Amino acid sequence: MIRVGIIGASGFAGGELIRLVTQHPELELTFLGGSSNVGRRPAELHPGLRLDLGLTIEAVTDLTGRCDVVFLATPAPASAELAAHLVDQVPCVIDLSGAFRIRTPELHEKWYPKVERQTELADRFVYGVPELIGDQLVGAPLISLPGCYATAITLGLAPLTLGLGLDLKTVVVDGKSGSSGGGIQLRTADLHPLRAGAIAPYSPLGHRHAAEVGDFLERSKPGKIGSLTMSAYGVSHVRGLLASSYVFTDDKVDARELQRAYLRFYKNHQFVRVRRNTETLIPVPDPQAVLGSNYCDVTVLHDPDGERIVVLAALDNMVKGAAGQGIQALNLRFQLPEETGLTMQPVMPA
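Quick caveat: nothing in here was measured; it's all calculated off a predicted structure.

1. Comments concerning the packing of aromatic side chains
The relative placement of two aromatic rings is captured by the distance of their centres and the angle of their planes. This model, assessed by the stated rule, comprises 4 aromatic pairs. Where F100 meets F125, the ring centres are 4.1 Å apart and the plane angle is 10°; that geometry is what we call stacked. Taken as a pair, F100 in the loop between β4 (92–95) and α4 (105–111) and F125 in the loop between α5 (119–124) and β5 (126–127) lie far apart in primary sequence, 25 residues in all. One exposure class covers both F100 and F125, and it is buried. A centroid spacing of 5.6 Å and a plane angle of 70° characterise the contact between Y127 and F216, whose relative ring orientation is edge-to-face. Separated by 89 residues along the polypeptide, Y127 in strand β5 and F216 in helix α9 (residues 208–220) bring together distant segments of the chain.

2. Overview of the side chain of N294
As for its position among the elements, N294 is in the loop between β11 (272–274) and β12 (296–303). When its relative accessible area of 0% is taken as the criterion, N294 is described as buried. Among the polar contacts listed, one links the side chain of N294 to the backbone nitrogen of Q325, at a separation of 3.4 Å. Side chain to side chain, N294 and Q328 meet in a polar contact 3.1 Å long. Sequence-distant contacts of N294, defined by excluding residues within four places in its chain, comprise F271, V319, K320, G324, Q325, Q328, L342 and M344.

3. So, the sheet that holds strand β2 (residues 27–33)
Spatial ordering of the open sheet is given by β2-β1-β3-β4-β6-β5, a layout of 6 strands whose pairing is parallel. Across the chains shown, the open sheet's two edge strands, defined by having one partner strand only, are β2 and β5. Of the strand pairs in this sheet, β4 and strand β6 (residues 142–144) are connected by 3 bridges, and their pairing is parallel. Looking at the pairing, I94 lines up with I143 of β6.

Parameters at a glance
- Residues numbered from 1 in each chain as written.
- Predicted model: local features only at pLDDT ≥ 70, side-chain atom pairs only at ≥ 80, totals over all residues.
- Heavy atoms only, no water.
- Phe/Tyr/Trp six-rings, centres within 6.5 Å; stacked < 30°, edge-to-face > 60°.
- Helix = DSSP H or I, 4+ residues; strand = E, 2+ residues; numbered from the N terminus.
- Buried < 20%, exposed > 50% of the residue type's maximum accessible area, 1.4 Å probe, protein only.
- Polar contact = N/O pair within 3.5 Å; in protein donor to acceptor, adjacent residues only side chain to side chain.
- Contact = heavy atoms within 4.5 Å.
- Pairing = 2+ DSSP bridges.

This is the structure in structure tokens:
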């Protein structure tokens, strides 16, 4: 059995990790870490988890010999400190925060000005969605998971840049996500009377997850992106997000070529479902059609009148956008079948 620790176990992502780890046939949960809830049982903090794990939240000290892998479901500043603390104590650290996502120091400073990290440590992290860098995860000691939006956007654009090698002059992303993406901290804007029924433009002039995507794809080649900008909106869903990417390129493509390219690119990647927009009772991708699962649904459309490519990507931000992708990365890291512990189908209606 692979021994797993979760730090930040009282948050939404931490709770989702507990749920998935305890259902995984090859994992044993051996440590739950935190600060403000030390001594409390996970069932007290996560009402859906009535499990007798024999564990309580502990302060993080020396984990040598206790865990084979530790998940950091903590804010980025805490992850930066914890990773430096744990790197010599456990064989693998998987960070769900933004502390190590952006490799370029100037971009990191722009989007995470309060997150001080060791440059040498940052350079050692493997970053990217498992579908695109799975071979780099095998045996990796340090893994930084992409953000939820970044996962959807990257999976949506990768067949264009990495597959077809297109040069994308301009990419404009419209992102809409549920309230769980903001975490468990109480903020006035997240109070039910203000959030229910809302379409709140909380980041209309840019988003750090878009910076991740640009940084990653720029280093990945062969295609290029001239500019990638994003506006993000909060909607009244709890789970799920939809990233709509509007792509402008001088390269000539048509609808049939695009559909074939996406099917070919994701042929051997079961967690990305390439879908036609009109194939179901409701138009897809729709976040409610992936909730509770590790799937990302992707649709590509060609708009000849607007001379653009429209790419739609939907996922559950708590699963494929966070904890599920963490388990997927763990499976690859320890050379388990990629789908182990992640075969649950979406829950709909939810």
